[in-house]
Amino acid sequence: MGFLVPAFLAGLVAVGVPVLMHLRDRNEETPTRFPSLMFLVRLPIRTSDRRRITDWPLLLLRAAAVALLVAAFARPYFGRVSAVDPGARTRAVVLVLDRSLSMSHGSTWAAALDSARAVLDGLRAGDHVALVTFDDEASVAQGWTTDHGSLRAVLDAITPGPRGTRMGAALRAARGLLSTAPPAAPEVVLVSDLQRSGLAGTAGLEWPQDAPLRTVVVAAARRPNVAISDVEARRVSSDGRASLQVQARLVAHELDASRALRATLVLGGREVATRELTLAAGGERGVVFDPVPAPAGLVRGEVRLTADELPGDDRFAFTVAAEDAIRVVALLPGNLDRDELLFFERALSIGRSPEVRVERRNAALDAATLDRAAMVVLWDVPAPGDEALANWVRAGGGLVHYVGGRVAARRAALAFGAATAVGLADRRAAGGGVLGEHRGDHPLFTPFRTTPAALGAPRFWSYARLEPAAGSDVLARFDDGAAAVLERAEGEGRVIVSALPLDAREADLVLQPAFLPLVRRLALYGSGHEGAPAARRTGEAWVPRGVRRSPVVVAPDGALIRPEDGAASVMLEQPGIYAAYEGRVDGAPRAIVAANAPAEESDLTQADPRELLLGASEGSAVGVAESAQAAALELETRQRGWRLLLLGALLCLLAETWLSSRGWRAQARRASIEQLQGEVT
């Protein structure tokens with residue numbers, strides 16, 4: 001037995017108060033002056049003897065009331081102190097389970113589930129547990145619960161996925177759960193194959209100093225693996241025939257010896273080429289398939305490798321664009337000079353992969369024309385107030401507004417309000433101006449990152465002065481500070497406004513070496529071609545270009561995904577080919593994309609568990625307050641007898657009140673006159 005607040009026991013001294021009260025004579029005599037006492041009869045009041053306790057029942061009631069009150073405030077509890085030892089208290093365990101692609105290697109996943117169940121078996125009834133699953137993202141699969149059976153059911157439904165590993169996300173999710181843990185001893189148990197490549201993201205993590213992290217490694221220390229890390233596919237033309245050339249890159253990890261493999265190229269679901277090869281241990285090599293006739297339209301392909309214990313990285317899906325051509329629609333003024341567009345068209349027509357085709361238009365752009373276009377060029381014409389063009393741009397189209405002398409003279413707002421033309425700058429008297437600065441990190445100027453001086457060579461004798469609007473990004477300026485090229489995002493599309501003269505009348509840019517790469521980059525970037533990769537990684541978001549209303553996406557497993565209209569994206573959760581349609585799944589898809597597991601997930605090299613928190617700093621404790629609270633709660637459950645003590649004290653006081661007002665205690669006894677006279681005589 002003990003007391004939660006033993007200091008209150010000092011109040012037991014107050015038990016002596018009733019005793020003193022019972023011994024003390026409460027009838028104090030007050031002297032009164034009187035002229036003579038000879039005619040008065042002495043009438044003493046006979047009271048109880050004050051030098052001894054004559055009313056034991058009342059005294060005991062009062063003393064008991066005081067003692068019970070003191071005991072109630074001291075909060076007595078029953079049981080041994082060791083019963084509230086932290087080691088014997090309930091636990092709050094966060095079970096963190098790795099479900100990345102590497103966990104599907106051989107029997108790794110089965111071992112992981114067994115280990116997770118063993119953690120649950122080690123819990124006592126009343127212990128709290130929560131479950132976090134992770135790959136390159138972490139999510140709470142089960143919040144705090146004491147129902148261990150329901151957590152087993154959640155575990156049985158989890159399977160490894162095709163995504164990468166990021167330990168940082170998992171530990172941060174566990175850290176967040178600990179902050180909401182019930183009062184108990186905190187602990188985190190990580191069940192993983194502990195890939196070294198997955199340790200990224202742990203730097204800067206604050207880990208609670210009172211939460212031990214226990215790691216259960218469920219994979220062998222050495223796991224050989226061969227994977228396809230990348231595939232390049234492109235159309236080539238030879239002797240007037242289009243063919244498809246595919247090259248795959250293979251990587252070996254922790255092989256004990258060289259391995260014989262068979263690589264197969266699949267197009268449209270049919271095997272079209274195979275290669276037999278030998279991959280050296282720890283080696284890396286490329287596999288080039290013989291060119292095959294290029295199918296028309298969008299191409300869906302896959303390279304397959306002899307399957308090993310991690311089949312998820314033995315297949316690599318890829319896509320190839322339809323014709324690999326960019327259609328540019330140029331809206332021209334009615335008074336276009338004969339050779340005004342000559343250099344621009346010639347620059348775009350040079351080169352292949354992709355081929356750029358220019359279509360001239362003098363009238364308004366209709367929906368059919370825009371559907372065929374990858375980029376629209378407003379060639380020194382005012383921005384049309386065409387709603388169809390605005391919607392096309394917002395849905396992902398690329399618009400280039402070239403501002404020459406015609407538009408500059410109108411001093412009007414340009415496309416989408418990206419800028420306002422405020423006149424012409426005439427630099428002839430100064431021998432012409434040059435480009436003063438440009439954004440070297442912008443994709444438009446990629447060809448000039450190593451040779452920026454090439455953009456400083458052209459001379460500009462006259463150009464439009466632009467006043468950029470808020471939200472527009474100036475990409476290049478003339479040497480007088482005037483904006484030369486600026487960009488503005490509009491929905492999913494982009495608007496580029498250029499004051500760079502693109503003909504030979506107002507500048508010699510068309511005669512400089514920088515002209516050709518600059519114009520081709522303008523077409524590639526403006527159209528959003530950007531050399532689209534043959535495949536993306538699982539876990540990335542994909543915005544289907546060219547689908548402007550009611551998009552429908554067919555996932556690799558055949559499931560239909562209907563993102564919202566407009567700029568909605570689709571999360572690439574599965575490996576394989578995603579196809580996007582407009583309205584309904586009918587005919588050829590408008591866009592396709594391939595998704596594959598991250599290449600680094602194929603490297604199964606194991607890390608030391610001590611490396612997990614190397615980059616983490618020690619954070620504040622999350623379990624100290626909870627532990628104290630737990631102890632207090634347990635003590636609270638054991639010292640609830642104070643209420644009974646308080647009730648007992650109240651009953652004692654009620655009994656004392658009742659008893660003191662009954663019988664002889666309620667009146668003083670007085671002697672009769674006759675008795676007193678007898679005593680006088």
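Residues numbered from 1 in each chain as written. Predicted model: local features only at pLDDT ≥ 70, side-chain atom pairs only at ≥ 80, totals over all residues. Heavy atoms only, no water.

## Quick word on the overall build of the protein chain
Of the regular secondary structure elements, the protein chain holds 13 helices and 36 strands. Classification of the 681 residues of the protein chain by burial places 43% in the buried group. Carbon and sulfur atoms provide 53% of the accessible area of the protein chain, an area that totals close to 33,700 Å². (Helix = DSSP H or I, 4+ residues; strand = E, 2+ residues; numbered from the N terminus. Buried < 20%, exposed > 50% of the residue type's maximum accessible area, 1.4 Å probe, protein only. Areas by Shrake-Rupley, 256 points an atom, 1.4 Å probe, with all protein chains shown as cover.)

## Side note on helix α12 (residues 642-660)
Residues spaced three or four apart along an α-helix point in a common direction, a consequence of the helix completing one turn every 3.6 residues. Helix length check: α12 (19 residues) gives 27 Å between terminal C-alpha atoms against 27 Å at 1.5 Å per residue, within 8%. If you check which residues of α12 are buried, you get Gly648, Ala649, Cys652, Glu656 and Leu659. What you see down the axis of α12 is that its buried residues fit within an arc of 100°, all on one side. Exposed residues pointing more than 90 degrees away from the buried face of α12 are listed as Leu651, Leu654 and Trp658. Looking at the buried residues of α12, the elements they touch are α2 (56-74). (Expected span 1.5 Å × (residues − 1). Arc of directions from axis to C-beta. Contact = heavy atoms within 4.5 Å.)

## Topic: the sheet that holds strand β34 (residues 591-596)
Read from one edge to the other, the open sheet built from 5 strands follows the order β28-β34-β33-β30-β31, with strand pairing classed as mixed. Strands at the two margins of the open sheet, each flanked by one partner only, are β28 (536-537) and β31 (560-561). (Pairing = 2+ DSSP bridges.)

## Some remarks on the environment of Leu414
As for its placement among the helices and strands, Leu414 is situated in the loop between α9 (405-410) and β22 (419-426). According to the relative accessible area criterion, Leu414 is buried, its value standing at 4%. Taking C-alpha positions, Leu414 is 9.7 Å from Pro468, a pair spaced 54 residues apart along the chain.

## As for the packing of aromatic side chains
A full pass over the atoms with the stated rule returns 5 aromatic pairs. Pairing Phe8 with Phe73 gives two aromatic rings, centres 5.6 Å apart and planes at 35°, and the pair type is tilted. Here the residue Phe8 occupies a position in the loop between β1 (2-3) and α1 (16-23), and Phe73 occupies one in helix α2, the gap between them amounting to 65 residues. For Phe8, a relative accessible area of 40% translates into the label partly exposed. Their ring planes at 75° and their centres at 5.4 Å tell us that Phe460 and Phe478 sit as a pair that is edge-to-face. Taken together, the residues Phe460 in the loop between β23 (435-438) and β24 (462-468) and Phe478 in strand β25 (residues 473-478) connect sequence positions 18 residues apart. Residue Phe460 is classed as buried on the basis of its relative accessible area, which comes to 1%. Of the aromatic side chains, those joined through ring pairs into one cluster are Phe344, Trp379 and Tyr402. (Phe/Tyr/Trp six-rings, centres within 6.5 Å; stacked < 30°, edge-to-face > 60°.)

## Here we look at the side chain of Asp503
With respect to the helices, strands and loops of the structure, Asp503 is situated in the loop between β27 (493-498) and α10 (515-527). Here the side chain of Asp503 touches Arg505 through a polar contact of 2.9 Å, side chain to side chain. Residues contacting Asp503, with those up to four places away along its chain left out, are Glu340, Tyr402 and Val510. (Polar contact = N/O pair within 3.5 Å; in protein donor to acceptor, adjacent residues only side chain to side chain.)

## Section: the pattern of salt bridges
Pairing of side chains with opposite charge becomes possible as their charged atoms draw close. As enumerated under the stated definition, the model contains 39 salt bridges in all. For Arg214, the salt bridge is made with Glu187, and the minimal N-O distance between the two is 3.4 Å. Linking Arg214 in strand β9 (residues 213-217) with Glu187 in strand β7 (residues 185-192), this pair joins segments that are 27 residues apart in sequence. For Glu187, a relative accessible area of 13% translates into the label buried. Arg465 is the salt-bridge partner of Asp480, the closest N and O atoms lying 3.0 Å from each other. With a gap of 15 residues between them, Asp480 in the loop between β25 and β26 (483-490) and Arg465 in strand β24 connect regions that are remote in the sequence. (Salt bridge = Lys/Arg side-chain N within 4 Å of Asp/Glu carboxyl O.)

## Observations concerning helix α3 (residues 108-121)
The end-to-end C-alpha distance of α3 is 20 Å, a good match for the 20 Å that 14 residues give at a rise of 1.5 Å each. Of all the residues in α3, the buried ones are Thr108, Trp109, Ala112, Leu113, Ser115, Ala116, Val119 and Leu120. The arc that holds the buried residues of α3, viewed along the axis, is 160°, so those residues lie on one side.

## Focus: the nonpolar core
Ranked by internal contacts, the top residues of the largest apolar core, which has 71 residues, are Val376, Trp379, Leu466, Phe478 and Leu500. With 7 residues, α10 is the single largest residue contributor to this core. Apart from the residues within four sequence positions on either side, Trp379 is in contact with Leu331, Leu332, Pro333, Leu336, Glu340, Leu341, Phe344, Tyr402 and Leu502. Within the second largest apolar cluster, 36 residues are counted, among which are Val226, Ile228, Leu250 and Ala263. (Core = buried A, V, L, I, M, F, W, Y, C linked by side-chain atoms within 4.5 Å.)

## Let's talk about unusual backbone geometry
Positive phi, normally seen in glycine, also occurs at Leu194, with a value near 55°. Inspection of the secondary structure assignment puts Leu194 in the loop between β7 and β8 (206-208). Since its relative accessible area comes to 0%, Leu194 is described here as buried. Phi is positive for Asp380, close to 55°, though the residue is something other than glycine. Counting through the fold element by element, Asp380 comes out in the loop between β20 (375-379) and α8 (387-394).

## Details of the packing of α2 against α12
Where α2 contacts α12, the two axes come as close as 8 Å, and the packing angle between them is 155°. With respect to α12, the element α2 is oriented roughly antiparallel. Every pair of crossing elements has a handedness; the one defined by α2 and α12 is left-handed. Only Trp642, Leu645, Leu646, Gly648, Ala649, Cys652, Leu653, Ala655, Glu656, Leu659 and Ser660 of α12 make contact with α2, whose side of the interface consists of Pro57, Leu58, Leu61, Arg62, Ala64, Ala65, Leu68, Leu69, Ala71 and Ala72. Across the contact of α2 with α12, the residue classes break down as 17 nonpolar, 2 polar and 2 charged. (Axes fitted to C-alpha atoms, helices over the stretch in contact; angles between N-to-C directions. Parallel < 35°, antiparallel > 145°, perpendicular 65-115°, else oblique. Left-handed = near helix turned anticlockwise from the far one by under 90°. Nonpolar A, V, L, I, M, F, W, Y, C, P; charged D, E, K, R; others polar.)

## Let's talk about the side chain of Arg223
Within the fold, Arg223 resides in the loop between β9 and β10 (225-238). A residue is classified by how much of its surface remains accessible, and Arg223, at 3% relative accessible area, is buried. Side chain to side chain, Arg223 and Thr108 meet in a polar contact 3.5 Å long. If we skip the residues at most four places from it in the chain, Arg223 touches Ser102, His105, Thr108, Asp193, His253, Glu254 and Leu604.

## Things to note about the sheet that holds strand β12 (residues 259-267)
To summarise the sheet geometry, strands pair through backbone hydrogen bonds and adopt either a parallel or an antiparallel arrangement. Pairing in this open sheet of 4 strands is antiparallel, and the strands run β13-β12-β16-β17 from one edge to the other. Strand pairing shows two members of the sheet lacking a second neighbour, β13 (270-279) and β17 (315-320), which therefore form its edges. Mean inter-strand twist for the sheet, computed between neighbouring axes without regard to direction, equals 20°. Note that β12 and β13 share 9 bridges and pair antiparallel. Bridging across to β13, Ala260 finds its partner in Thr278.

## Describing the packing of helix α6 (residues 342-349) against α10
The geometry of α6 relative to α10 is characterised by a closest axis approach of 9 Å and an angle of 75° between their N-to-C directions. Taken as axis vectors, α6 and α10 run roughly perpendicular relative to one another. Contact with α6, carried on its side by Phe343, Phe344, Ala347 and Leu348, involves Phe515, Leu516, Val519, Arg520 and Ala523 of α10 and no other residues of that element. Tallied by class, the residues present in the contact of α6 with α10 amount to 8 nonpolar, no polar and 1 charged.

## Structural notes on the environment of Val246
One can find Val246 in strand β11 (residues 241-253). By relative accessible area, which is 1% here, Val246 ends up buried. C-alpha of Val246 to C-alpha of Leu265: the two residues are 19 residues apart in sequence and 8.2 Å apart in space. Not counting residues within four places of it along the chain, the set of residues in contact with Val246 comprises Val231, Glu232, Ala233, Leu265, Val287, Val288, Phe289, Val303 and Phe318.

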